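Analysis of the macromolecular model
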Amino acid sequence: MEPTSSLADRAEDQSPARASGQGNWLDTYFGASRRGSSVKTEILAGIATFLASMYIIVVNPAILSDAGIPFSAALSATVLISFMSSLAMGLYARNPILVAPGMGMNALFTYTLVLGAGLSWEVALGCVFWSGVLFATLAMFNVREAIIEAIPPSLRYAITCGIGLFITFIGFKNAGFIVGSDATLVTLGNMDASLITFFIGMMATAILVIMRFNGALILGIALTTLLATPMGRLWGGDVVVEWSGLAAWPDFSAVMKVDIWGALKVAYLPFIFVMLFTNFFDALSCFMALSESADLKDKNGNPRNLKRSMTVDAFASMIAAPLGTSAAQTFIESGAGVAQGGRTGLVAVTIAFLFLPFLFLSPLLSLVPGIATAPALVLVGLFMLAPISKIDWTRFEQAFPAFLAIILMPLTYSITLGIAFGFLSFVLIKLATGKLYDIKPAMWVSAALSVVMLVTTH
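Everything in this summary refers to the structure shown in the same document. (Residues numbered from 1 in each chain as written. Predicted model: local features only at pLDDT ≥ 70, side-chain atom pairs only at ≥ 80, totals over all residues. Heavy atoms only, no water.)

1. Observations regarding the overall build of the chain
Basically, it comes down to this: Numbering of helices and strands starts at the N terminus; helices are DSSP runs of H or I of at least 4 residues and strands are runs of E of at least 2. Exposure classes here rest on a 1.4 Å probe applied to the protein chains alone. A residue is buried below 20% of its type maximum, exposed above 50%, and partly exposed in between. Residues are treated as being in contact if the distance between any of their heavy atoms lies within 4.5 Å.
Across its full length, the chain carries 20 helices and four strands. The buried share of the chain, reckoned over its 458 residues, is 56%. Taking all contacts inside the chain whose residues are at least 6 apart in sequence as the whole, residues at least 24 apart take part in 77%.

Given below as structure tokens:
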């Protein structure tokens, strides 16, 4: 018997045909009128989401370049995967959701796998590929409920929060706002022109966010870049902004450089699992949050076209590696378009085509210095801390593993270590208190993989 969700998805896919005659062919295909929207509203919603998320075009290459991937190659890969996966989300899953290389996944790729564990970026891309293969396998079978129930909600929330703190720490480090210290491990950097420029840019970006400007993060990046332009010319520091042209052909030097077979080592399995876990739950939580906020549900109350949406997300992760970037995932910034009234896949299609021109603008975008993307990283970290209020801090058996996962990510400079110790502490507490029934099979597997990772990499 076919699962209920699949039947609902099929009904959803057939529904636009019933809307024939309502407006133009776009309205007919996507069913905008039937959902209380219009083609104009859907396109404007797509623009709103794009403005809220286009910072990824610059920020993702900036992070991946730390791993050794050329900035222009990472930028081309970012644009390509964002275009292809968002287009698939719009045409196949018909949901108003952006799919692009995710914050957190790029940090895990660069700072844990490459700089932390010493993998080459080609092998790290192989880990991304295999996590995508596993994700696609899970998406094709109805195992969502079993996995959701296995990992306690407190740990799911904690992982998102921990990654947020980690990304914020990276932003401060990239800006030179936080530097190393023999006496105190870390301390405030020198109050020079670069640090002052970053601080002004960060405060301006925060104010734009507070005032609810569409595209606040990208406006903050542009403003900080302008403020950095005189550096090395009119006052202190080296030149950090140099003109190298407006447009150029895309850089495909990282395409098909993925080392698929080199990633198939026992020592790398924990990394593959952590990528799978993070991407899977980010996608699921994003779909659930957006479906609640905009009533994007099927007749059974489940997120609309969930199976198809998860399948798009999974295959986007899998093809990201051959293109030369970390895993793609759903963006919670899609809520910007939903808030503008977007309800159908036309939003995602609009977003996809807005990304495409930036495939040829790598020289222009390479003008952006590290201190200009750093404010966006700090603010993204803040956004990712939102689930912290959902953790029940009065229940110590839940709070302690969550706390370890959150605090150890920035302190150990490793997302994987934070997750590993969060899982291990949860299992050990349940064992010590005799609550074995609270440990689902997937948690046993997670704890075992955590031990393997700790032993093999440390």
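2. Let's talk about the nonpolar core
If you look at soluble globular proteins, the nonpolar side chains tend to sit buried side by side. What counts here: Side-chain atoms within 4.5 Å link the members of a nonpolar core, which is a set of buried Ala, Val, Leu, Ile, Met, Phe, Trp, Tyr and Cys residues.
Ranked by size, the top nonpolar core spans 130 residues in total, and within it Tyr-55, Ile-57, Met-103, Phe-109, Phe-198, Met-310 and Phe-423 carry the most contacts. Dropping the residues within four chain positions of it, Met-103 is found in contact with Tyr-55, Ile-56, Val-59, Ile-63, Ile-167, Gln-329, Leu-377, Val-380 and Met-384. Leu-26, Val-39, Phe-83 and Ala-352 belong to the second-largest nonpolar core, a separate cluster that totals eight residues.

3. Regarding the pairing of strand 3 (residues 185-188)
Quick reminder of the rule: The criterion for strand pairing is that DSSP finds at least two bridges linking the strands in question.
Both strand 2 (residues 178-181) and strand 3 contribute to a ladder of four bridges, which runs antiparallel. Directly across from Ser-181, in strand 3, lies its bridge partner Leu-185. The turn linking strand 2 back onto strand 3 is made up of three residues.

4. Structural notes on a nonpolar patch on the surface
Threshold: Nonpolar side chains (Val, Leu, Ile, Met, Phe, Trp, Tyr) are joined into patches within 5 Å and like charges within 9 Å, using only residues with over 30% relative accessible area and no salt bridge. Throughout, the Shrake-Rupley method with a 1.4 Å probe supplies accessible areas, and for residues the shown protein chains are the sole cover considered. Should a side-chain nitrogen of Lys or Arg be within 4 Å of a carboxyl oxygen of Asp or Glu, the pair is scored as a salt bridge.
Where nonpolar side chains cluster on the molecular surface, the patch consists of Leu-188, Met-191, Ile-196, Ile-200, Leu-223 and Leu-227 and spans about 510 Å² of accessible area. Breaking the nonpolar patch down by element, the ones donating at least two residues are helix 10 (193-210) and helix 11 (216-228). Of note, Leu-227 is situated in helix 11. What makes Leu-227 partly exposed here is its relative accessible area of 31%.

5. Some details on helix 4 (residues 56-65)
Within helix 4, eight of the 10 residues are buried, which leaves the element mostly enclosed by the surrounding structure. Residues of helix 4 that are buried: Ile-56, Ile-57, Val-58, Val-59, Asn-60, Pro-61, Ile-63 and Leu-64.

6. A few points about the packing of helix 4 against helix 17 (residues 370-384)
What counts, and what does not: As a rule, the C-alpha atoms of each element are fitted with a line to give its axis, helices using only the stretch in contact, and angles between N-to-C directions run from 0 to 180 degrees. Working definition: roughly parallel below 35 degrees, roughly antiparallel above 145 degrees, roughly perpendicular at 65 to 115 degrees, and oblique for all remaining angles. Throughout, the ten residues Ala, Val, Leu, Ile, Met, Phe, Trp, Tyr, Cys and Pro are labelled nonpolar, Asp, Glu, Lys and Arg are labelled charged, and all others, Gly among them, are labelled polar.
Between helix 4 and helix 17, the least distance of the axes is 10 Å, while the angle of their chain directions is 100°. On the basis of their axis angle, the class for helix 4 and helix 17 is roughly perpendicular. Across the interface between the two elements, Val-58, Val-59, Ala-62 and Ile-63 of helix 4 pack against Thr-373, Ala-376 and Leu-377 of helix 17. When the residues that make up the contact of helix 4 with helix 17 are grouped by side-chain class, the tally is six nonpolar, one polar and no charged.

7. Some remarks on the packing of helix 9 (residues 153-174) against helix 19 (residues 415-432)
When two helices pack together, their arrangement is captured by the angle between the axes and the distance separating the axes. Short version of the rule: By convention, the crossing between two helices is left-handed when the near helix turns anticlockwise from the far helix through less than a right angle, and right-handed when the turn is clockwise.
Two elements in contact, helix 9 and helix 19, have axes separated by 10 Å at closest approach and are oriented at 155°. One way to sum up the angle between helix 9 and helix 19 is to call them roughly antiparallel. The crossing of helix 9 and helix 19 is right-handed. Along its contact with helix 9, which presents Leu-155, Ile-159, Ile-163 and Phe-166, the element helix 19 presents Ile-415, Ile-419, Gly-422, Phe-423 and Phe-426.

8. As for the environment of Leu-125
As for its placement among the helices and strands, Leu-125 is situated in helix 7 (residues 121-140). Those residues in contact with Leu-125 that sit more than four places away from it in its chain are Phe-109, Val-258, Ala-321, Gly-324 and Thr-325.

9. Side note on helix 19
For the record, the criterion: Take the number of residues in a helix, subtract one, and multiply by 1.5 Å to get its expected span.
Here helix 19 is 18 residues long and its end C-alpha atoms lie 26 Å apart, about the 26 Å a rise of 1.5 Å per residue gives. Along helix 19, 14 of the 18 residues are buried, which leaves the element largely enclosed by surrounding structure. A positive phi of about 70° marks Gly-434, the residue just after helix 19.

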